[in-house]
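Spelled out, the chains give:
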Amino acid sequence: ILYASARDVTGKIQLEQQLRKQAIRDELTGIYNRHHLDSIILREMDRADRFNKPISIILFDLDHFKRVNDTYGHQVGDDILRGISQIVEKTIRESDILFRIGGEEFLILLPETSMAGAMILAEKVRIVLEQHIHPTVGGQTISLGVSERMKGESFRYLFKRADLALYQAKLGGRNQTIASEAETLLPMAYVVLNAGKEWETGDQLIDRQHQE
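Residues numbered from 1 in each chain as written. Predicted model: local features only at pLDDT ≥ 70, side-chain atom pairs only at ≥ 80, totals over all residues. Heavy atoms only, no water.

Student: Before we go on, may I ask you to explain the sheet that holds strand β1 (residues 32–33) in this structure?
Tutor: Strand pairing in a sheet takes place through backbone hydrogen bonds and is either antiparallel or parallel in direction. Here we have six strands laid out as an open sheet, ordered β1-β3-β4-β2-β7-β8, and mixed in their pairing. A single partner strand is all that each edge strand has here, and the edge strands are β1 and β8 (177–179). Inspection of the sheet shows strand β2 (residues 55–62) paired to strand β4 (residues 105–111) by seven bridges, in the antiparallel sense. When the sheet's bridge partners are listed, I57 is paired in β4 with L109. With respect to the sheet, helix α2 (residues 34–50) is in contact with β1, β2, β3 (97–102) and β4, its orientation differing from that of β3 by roughly 135 degrees. The strands that helix α5 (residues 115–131) touches are β2, β4, β7 (142–148) and β8; relative to β7, the one it contacts most, it runs at about 170 degrees. (Pairing = 2+ DSSP bridges. Helix = DSSP H or I, 4+ residues; strand = E, 2+ residues; numbered from the N terminus. Contact = heavy atoms within 4.5 Å. Axes fitted to C-alpha atoms, helices over the stretch in contact; angles between N-to-C directions.)

This is the structure in structure tokens:
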């Protein structure tokens, strides 16, 4: 009975570990997914604030990837995505975290890294991928947008600035890295909202949602 019980517990633990891994890993590439990014980004930004350290992101996607899928098929496209994920993981630093956030779009989170450091790493990634030759497709380039978090900035705006920089890289001819100009790209305002007692309905659930 004791042996059977121990075996059941071990099996349960292994199943829980497998499910946890599936929840945070991209099924195709094996790297972290958008769900895991959402689960850790606030913690990473809080840590940067607490120790007064910079934090940056690199957003990149594959150039003309639809053409690859249309020409060679989705199986080759999947091979490209897996290969690029492996190359980028080997190129970035141990402290950096790579995510696939959808389709051919990826994000690298760079704790304790300023814009200058993020641009150096982004260019390193771009050059390594540009020089890599896939046996079927040949070369596959990427375009990148980089942003460093401003003081008090939400992840939503940090991401938007990187996304706009990436868009500019695409417009500029692709296969290049563009840095977000923090003060000029997006207008920002800080507003404090407080829910007044006179707005309460008496329903605890509704009132708590209003407070949030």
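Now that the structure has been shown, we can carry on.
Student: Whenever I open this one, helix α6 (residues 155–171) confuses me. Can you help?
Tutor: Because an α-helix completes one turn every 3.6 residues, residues spaced three or four positions apart along the sequence face the same direction. Between its terminal C-alpha atoms α6 stretches 24 Å, which fits the 24 Å expected from 17 residues at 1.5 Å a residue. Along α6, the residues that are buried comprise F155, L158, F159, R161, A162, A165, L166, A169 and K170. With its phi angle positive at about 120 degrees, G173 sits one or two positions after the end of α6. (Expected span 1.5 Å × (residues − 1). Buried < 20%, exposed > 50% of the residue type's maximum accessible area, 1.4 Å probe, protein only.)

Student: What should I look at first to understand the pattern of salt bridges in this one?
Tutor: Pairing is possible between side chains that carry opposite charge, provided their charged atoms lie close to one another. Following the criterion strictly, the structure yields 14 salt bridges and no others. Between D63 and K170 there is a salt bridge whose closest N-O contact spans 3.0 Å. Here D63, found in the loop between β2 and α3 (65–72), pairs with K170, found in helix α6; they are 107 residues apart in sequence, far enough to count as distant. The burial state of D63 is the same as that of K170; both residues are buried. Each of R43, E44, R47 and E112 takes part in a single network of salt bridges with overlapping partners. (Salt bridge = Lys/Arg side-chain N within 4 Å of Asp/Glu carboxyl O.)

Student: Help me understand the side chain of K170 in this model?
Tutor: The buried category is assigned to K170, whose relative accessible area is 17%. A distance of 3.4 Å separates a polar side-chain atom of K170 from the backbone oxygen of L62. At 3.0 Å, the side chain of K170 and the side chain of D63 are in polar contact. Leave out the neighbours within four places in its chain, and K170 touches D61, L62, D63 and S143. (Polar contact = N/O pair within 3.5 Å; in protein donor to acceptor, adjacent residues only side chain to side chain.)

Student: For this particular structure, what's the right way to read the nonpolar core?
Tutor: Note on soluble globular proteins: their nonpolar side chains tend to be buried together. With 27 residues, the main nonpolar core has I58, F60, L62, I80, V88, L98 and I108 as its most contacted residues. Elements with a contribution of two residues or more to this core: β2, α3, α4 (74–91), β4, α5 and β7. Dropping the residues within four chain positions of it, I80 is found in contact with L62, F65, V68, H134, V137 and Q140. M45, I55, F99 and L109 belong to the second largest nonpolar core, which has 18 residues in total. (Core = buried A, V, L, I, M, F, W, Y, C linked by side-chain atoms within 4.5 Å.)

Student: Just to check I follow, could you spell out the side chain of D26 for this structure?
Tutor: Note that D26 resides in the loop between α1 (2–24) and β1. Take D26: its relative accessible area is 15%, and that puts it in the buried class. Within the structure, the side chain of D26 is placed 3.1 Å from the side chain of R100, a separation counted as a polar contact. Apart from the residues lying within four places of it in its own chain, the contact partners of D26 are I31, Y32, N33 and R100.

Student: Quick question: what am I supposed to make of the packing of aromatic side chains here?
Tutor: Aromatic ring pairs are defined here through the distance separating the ring centres and the angle between the ring planes. According to the stated counting rule, one finds three aromatic pairs in the structure shown. Where Y32 meets F99, the ring centres are 6.1 Å apart and the plane angle is 40 degrees; that geometry is what we call tilted. Of this pair, Y32 sits in strand β1 while F99 sits in strand β3, and the two are 67 residues apart along the sequence. Given a relative accessible area of 23%, Y32 falls into the partly exposed group. Since its relative accessible area comes to 0%, F99 is described here as buried. On the numbers, 6.0 Å between centres and 55 degrees between planes, the contact of F155 with F159 is tilted. In this pair, F155 and F159 are both assigned in helix α6, four residues apart and thus about one turn of the helix distant. Side by side, F155 and F159 carry an identical accessibility label, which is buried. The side chain of R25 reaches across the aromatic face of Y32, ending 4.0 Å from its centre. The positively charged end of R34 is found above the aromatic ring belonging to F159, 5.4 Å away from the centroid. (Phe/Tyr/Trp six-rings, centres within 6.5 Å; stacked < 30°, edge-to-face > 60°. Lys NZ or Arg CZ within 6 Å of the ring centre and 35° of its normal.)

Limitation: the analysis is restricted to geometry and does not speak to function.
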